[in-house]
Protein chains: 2
Amino acid sequence: MPRPTIDDVATRAGVSIKTVSRVVNREPNVRESTREKVEKAIADLKYRPNPSAQNLASHRARLIVLVYDDPSAYEVPSSGYIIRLQQGALKACRKAGFELLIHPCNYRNSHVGRELRELIDQVRPAGIIVAAPLSNMPKIVRAIEATGTPLVRLSPGTRNGKQLTVVTNDREISAEMTRYLASLGHTRIAFITGHPSHKAVGNRYLGYRDGLEQSGLKFSESLVAAGNNSIGSGEECAMQLLKRKHRPTAIFAANDDMAAGVIRVADRLGIKVPEELSVAGCDDIALARQVYPALTTINQPLSAMAEYAAVALIASVRGKRPLLGTEIVPAALQIRESTGPAPD
Amino acid sequence: MPRPTIDDVATRAGVSIKTVSRVVNREPNVRESTREKVEKAIADLKYRPNPSAQNLASHRARLIVLVYDDPSAYEVPSSGYIIRLQQGALKACRKAGFELLIHPCNYRNSHVGRELRELIDQVRPAGIIVAAPLSNMPKIVRAIEATGTPLVRLSPGTRNGKQLTVVTNDREISAEMTRYLASLGHTRIAFITGHPSHKAVGNRYLGYRDGLEQSGLKFSESLVAAGNNSIGSGEECAMQLLKRKHRPTAIFAANDDMAAGVIRVADRLGIKVPEELSVAGCDDIALARQVYPALTTINQPLSAMAEYAAVALIASVRGKRPLLGTEIVPAALQIRESTGPAPD
DNA sequence: GTGAAAGCGCTAACAC
DNA sequence: GTGTTAGCGCTTTCAC
């Protein structure tokens, strides 16, 4: 039972192979009745075009490359992040009959540029998706740009307008988290900022301020502590905030690690979470579910972002649509156990 | 700058394309001097065969499929596991000019069999690697077997002798961990067994007993507690073991989750780790580094196992070598902070 | 709108 | 040992 070829379909539909090809590739200039005949033959025969033959004849592969930071290079907490990106990209690729080539890539390696160029030269992908933090590294973006391959960048800190960029609504969702805390009756809501170089994290601070304003609460410098994204810095900031006479009843940290640090310190100080202190994080990493109490946080829509990127790439190949602008994929609050009504 | 083809290489080397093809595919019947000429031309031109053309002409893809349990289906602590498998397989594929197609797959879905068959039919991979726990599921293994595609199973609980199986030395390394604990002066070393259905975990218990014997310690039923792989069961077992009058000075758990449970209970009971109690786990999951003190454990060589599987698959395609038997990839102790000298 | 013919870059079968 | 000749299954070009 060799699998059917385009010739089999053409014979069965009573047309030429070129017409079948047109139908398969959704090209114009096919009469509706002809298209239907061909589609029926395709369905009857369960015909699936041979990707290798398509690639060979068309000089481009039905394949998308997903580039992300190689976790083996240092630690592996990022694996959940990668898996979610893969899932989203995979979903879009499968639907379109594309393949997904994964390419972990160590940006600390001085040859990344050449490595990417060679990869592209070898597989000639229809497009490339670059995930953060790589999506913001000039040497990587430039190397890909130089090959002329369609590129989509995920959550880059800055946008250069040359490619499509997919981001999430960090600022807006952070405002929403702040409003949520306010709606629980909290009036002294503290914020722990992240590492200053991390742009997305900076947006969360802006969102926090927006949220305060939208809730009619006034901002106070004394309720902001400067962290650096690590658990340890979360602990230090928590110490600083909780030792004050008039301590906050809620602490919103710019990422989950710092929020976990807050919980740890609260435990140490005998402050009950969420009864006496609500704690919220951001990112929804695996740790958020492992701490006790489980952390209320913001779920990054990584899978949806990667899926959107892949869909856009595939559409641009097929329809010659330009890949430009910015797509905002909304995040969502993950309400768990670490937040609750403000104490009296 | 169109990339060079086999014709360019043939012209430059002054041979026919078939000879170039022979060199590229490491076929016999090429004079050494000819081979060298061709290899030089390949290097000069930076020639890389076009995979699509190779696939089309040879009716098989230079591609390996890695099948693993889809984490989206339930939780995501398995992402580190998946990433490590991918890294190993990727490494082998890159070296050989193969591609890796990743295929997360939900075995709870009743259509998995058909899904896999269709995938195989569509991409015609050179081989398939199936990771645990899928590697032990009859409906998955049978579906793949039915297609005749070369298959390698990773860490299946049972071996059926029809395919190559890659496992780790669970029993031996567990014995080593036990000897390590004994070498620290511990004489009352307890063990927490895992879920009985989990074969690999059962081997760890055997290794524990081996290790005791090799260290000249005598086994005692009273130092064994039966867990079920969860953190909670680790806590219960720890309670049971630590409340005894003559409590153990070291506890070796059949997995990291249970070991984490032990640490939690020790903390609750005011028993200092590692000063008063050494705790060791198994698997080296991300949690092992997150608990305090960081867990001494056994590092599963997942990446190396997947790499071996891919290398074997590629070799079997090229050299028509049969894929049979069992390869044992050794694990290694990860000594961290949760183990130390036995108290006086 | 549709089709015929000419490859894409490689491997397979067989000749030499 | 090495080369020749056919394809593999599709897209492209261009004719109709």
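Residues numbered from 1 in each chain as written. Chains lettered and ligands numbered in written order. Predicted model: local features only at pLDDT ≥ 70, side-chain atom pairs only at ≥ 80, totals over all residues. Heavy atoms only, no water.

Participant: How would you summarise the overall build of chain A if you had to cite specific residues and measurements?
Facilitator: The number of helices and strands found in chain A is 13 helices and 12 strands. Along the first, second and third principal axes, the C-alpha atoms of chain A reach 85 × 45 × 35 Å. Across the 344 residues in chain A, those meeting the buried criterion constitute 54%. Carbon and sulfur atoms provide 51% of the accessible area of chain A, an area that totals close to 15800 Å². Between the centroid of the 45 positive side chains of chain A and the centroid of its 34 negative side chains there is a distance of 5 Å. (Helix = DSSP H or I, 4+ residues; strand = E, 2+ residues; numbered from the N terminus. Buried < 20%, exposed > 50% of the residue type's maximum accessible area, 1.4 Å probe, protein only. Areas by Shrake-Rupley, 256 points an atom, 1.4 Å probe, with all protein chains shown as cover. Lys, Arg positive; Asp, Glu negative; His and termini not counted. Charge placed at Lys NZ, Arg CZ, Asp CG, Glu CD.)

Participant: Give me the sheet that holds strand β7 (residues 224–226) of chain B: which residues, what numbers.
Facilitator: Residue and element names in this part refer to chain B. Spatially, four strands are ordered β7-β6-β8-β9 in an open sheet, and the strand pairing comes out parallel. Either end of the sheet is taken by a strand with one partner, and the two such strands are β7 and β9 (278–280). Strand after strand, the sheet turns through a mean of 15 degrees between neighbouring axes, direction not considered. As judged from the three bridges shared by strand β6 (residues 189–193) and β7, these two strands associate in the parallel manner. Following the sheet pairing, F191 is matched in β7 by V224. (Pairing = 2+ DSSP bridges. Axes fitted to C-alpha atoms, helices over the stretch in contact; angles between N-to-C directions.)

Participant: Would you mind going over the packing of aromatic side chains in detail, with residue names and values included?
Facilitator: All names here are of chain B. Across all of its chains, the model carries 10 aromatic pairs over all chains by this definition. Measuring from ring centre to ring centre gives 4.8 Å for F191 and Y208, while their planes differ by 20 degrees; the resulting arrangement is stacked. Pair noted here: F191 is in strand β6 and Y208 is in helix α9 (residues 199–214), with a separation of 17 residues, a long-range link. For F191, a relative accessible area of 0% puts it in the buried group. For Y208, a relative accessible area of 0% puts it in the buried group. (Phe/Tyr/Trp six-rings, centres within 6.5 Å; stacked < 30°, edge-to-face > 60°.)

Participant: Please give an account of the side chain of T178 of chain A that cites residues and values.
Facilitator: Residue and element names in this part refer to chain A. Structurally, T178 is set in helix α8 (residues 170–183). We classify T178 as buried; its relative accessible area is 0%. Sequence-distant contacts of T178, that is, excluding residues within four places in its chain, are made with I189, G207, Y208, G211, L212, S215 and F252. (Contact = heavy atoms within 4.5 Å.)

Participant: Explain the protein's contact with DNA strand C residue by residue, including any values.
Facilitator: Taken together, 25 residues lie near DNA strand C, and T19 and T34 of chain A together with I6, S21 and Y47 of chain B sit nearest. The share of sugar and phosphate among atoms of DNA strand C within 4 Å of the protein is 64%. R31 of chain A is positioned such that a nitrogen or oxygen atom in its backbone is 2.8 Å from a phosphate oxygen of DNA strand C. Taking T34 of chain A, its side chain carries an N or O atom lying 2.5 Å from a phosphate oxygen of DNA strand C. Listing elements by their share of the surface near DNA strand C, those giving two or more residues are α2 (17–24) and α4 (51–58) of chain A together with α2 (17–24) and α4 (51–58) of chain B. (Near = heavy atom within 4 Å. Polar contact = N/O pair within 3.5 Å; in protein donor to acceptor, adjacent residues only side chain to side chain.)

Participant: Residues and numbers for the environment of D170 of chain B, please.
Facilitator: Residue and element names in this part refer to chain B. Along the chain, D170 falls in helix α8 (residues 170–183). When the C-alpha atoms of D170 and H198 are compared, they prove to be 12 Å apart, with 28 residues separating the residues in sequence. Look past the residues within four positions of D170 in its chain and what remains in contact with it is A200, N203 and R204. One polar contact links D170 to R204, side chain to side chain, over a distance of 2.8 Å.

Participant: I'd like to hear about the pairing of strand β1 (residues 63–69) of chain A, residue by residue, with values.
Facilitator: Residues and elements named next belong to chain A. For β1, the tally of buried residues reaches seven of seven residues, placing the bulk of the element in the interior. Across seven bridges, β1 lies against strand β2 (residues 99–105) in parallel orientation. Bridge assignment links L66 to a residue of β2, and that residue is I102. With four bridges joining them, β1 and strand β3 (residues 127–130) adopt parallel strand pairing. For V67, the partnering residue across the bridge sits in β3 and is V130.

Participant: Describe the interface of chain B and chain A, and please don't skip the residues or the numbers.
Facilitator: Taken together, the 36 residues of chain B in the interface contact 37 residues of chain A. Of the roughly 3000 Å² buried where chain B meets chain A, counting both sides, 53% is carbon and sulfur surface. Scanning the region where chain B abuts chain A turns up zero salt bridges. The tally of links from chain B across to chain A stands at eight residue pairs in polar contact (both at pLDDT 80 or more). Contributions of two or more residues to the side of chain B that touches chain A are made by α4, β1 (63–69), α5 (79–96), β2 (99–105), α6 (112–123) and α12 (286–290) of chain B. Sorting elements by how many residues they give to the side of chain B that touches chain A places α5 of chain B first, with eight residues. Grouping the amino acids of the side of chain B that touches chain A by side-chain chemistry returns 16 nonpolar, 11 polar and nine charged. (Buried area = accessible area lost by both parts, 1.4 Å probe. Salt bridge = Lys/Arg side-chain N within 4 Å of Asp/Glu carboxyl O. Nonpolar A, V, L, I, M, F, W, Y, C, P; charged D, E, K, R; others polar.)

Participant: Provide a residue-level description of the sheet that holds strand β5 (residues 164–168) of chain A, including the pertinent values.
Facilitator: Residue and element names in this part refer to chain A. Strand order in the open sheet formed by six strands is β2-β1-β3-β4-β5-β11, and the pairing between neighbours is parallel. Edge positions in the sheet fall to β2 and β11 (326–329), since each has one partner strand and no second. Each neighbouring strand pair of the sheet contributes to a mean axis angle of 20 degrees, computed without reference to strand direction. One ladder, built from four bridges, connects β5 with β11; its direction is parallel.

Participant: An account of the nonpolar core is requested, with residue identities and associated values reported.
Facilitator: Formed by 64 residues in total, the largest nonpolar core has its most connected members in I64 and L154 of chain A together with I64 and L154 of chain B. Every residue in contact with L154 of chain B, bar those within four places of it in the chain, is listed here: L85, I129, V130, A131, A132, S135, V166, M305, A306 and A309 of chain B. L223, A266, L277 and I298 of chain A belong to the second largest nonpolar core, which has 46 residues in total. (Core = buried A, V, L, I, M, F, W, Y, C linked by side-chain atoms within 4.5 Å.)

Participant: Go over the protein's contact with DNA strand D, please, and point to the residues and values.
Facilitator: If you check the shell around DNA strand D, you find 25 residues, and the closest are I6, K18 and Y47 of chain A together with T19 and T34 of chain B. Counting only atoms of DNA strand D within 4 Å of the protein, the fraction found in sugar and phosphate groups is 62%. A distance of 2.7 Å separates a phosphate oxygen of DNA strand D from a polar atom in the side chain of S21 of chain A. At a separation of 3.4 Å, a base oxygen of DNA strand D approaches a polar backbone atom of A57 of chain B. Those elements that provide at least two residues to the surface near DNA strand D are α2 and α4 of chain A together with α2 and α4 of chain B. Sorting elements by how many residues they give to the surface near DNA strand D places α4 of chain A first, with four residues. Tallied by class, residues from the surface near DNA strand D come to 10 nonpolar, 11 polar and four charged.

Participant: Before we move on, could you go through the relation of the copies chain B and chain A and cite the residues and values that matter?
Facilitator: Mapping chain B onto chain A leaves a residual RMSD of 0.3 Å; the transformation is a rotation of 180 degrees accompanied by 0.1 Å of translation along its axis. Interpreted geometrically, this transformation is the action of a two-fold axis. Rotation axis and chain B: the residue whose C-alpha lies nearest the axis is S52 of chain B, separated from it by 2.3 Å. Both copies contact each other with a shared surface, as 100% of the interface residues of chain B are interface residues in chain A too. (Least-squares fit on C-alpha atoms with pLDDT ≥ 70 in both.)

Participant: How would you sum up the packing of α8 of chain A against helix α9 (residues 199–214) of chain A? Please name residues and give values.
Facilitator: All names here are of chain A. Between α8 and α9, the least distance of the axes is 7 Å, while the angle of their chain directions is 45 degrees. On the basis of the axis angle, α8 is oblique to α9. Of the two possible hands of crossing, α8 and α9 adopt the one that is right-handed. Contacts between α8 and α9 involve D170, R171, S174, A175, T178 and R179 from the former and A200, N203, R204, L206, G207, Y208, D210, G211, L212 and Q214 from the latter. Of the residues assigned to the contact of α8 with α9, the class counts are five nonpolar, six polar and five charged. (Parallel < 35°, antiparallel > 145°, perpendicular 65-115°, else oblique. Left-handed = near helix turned anticlockwise from the far one by under 90°.)

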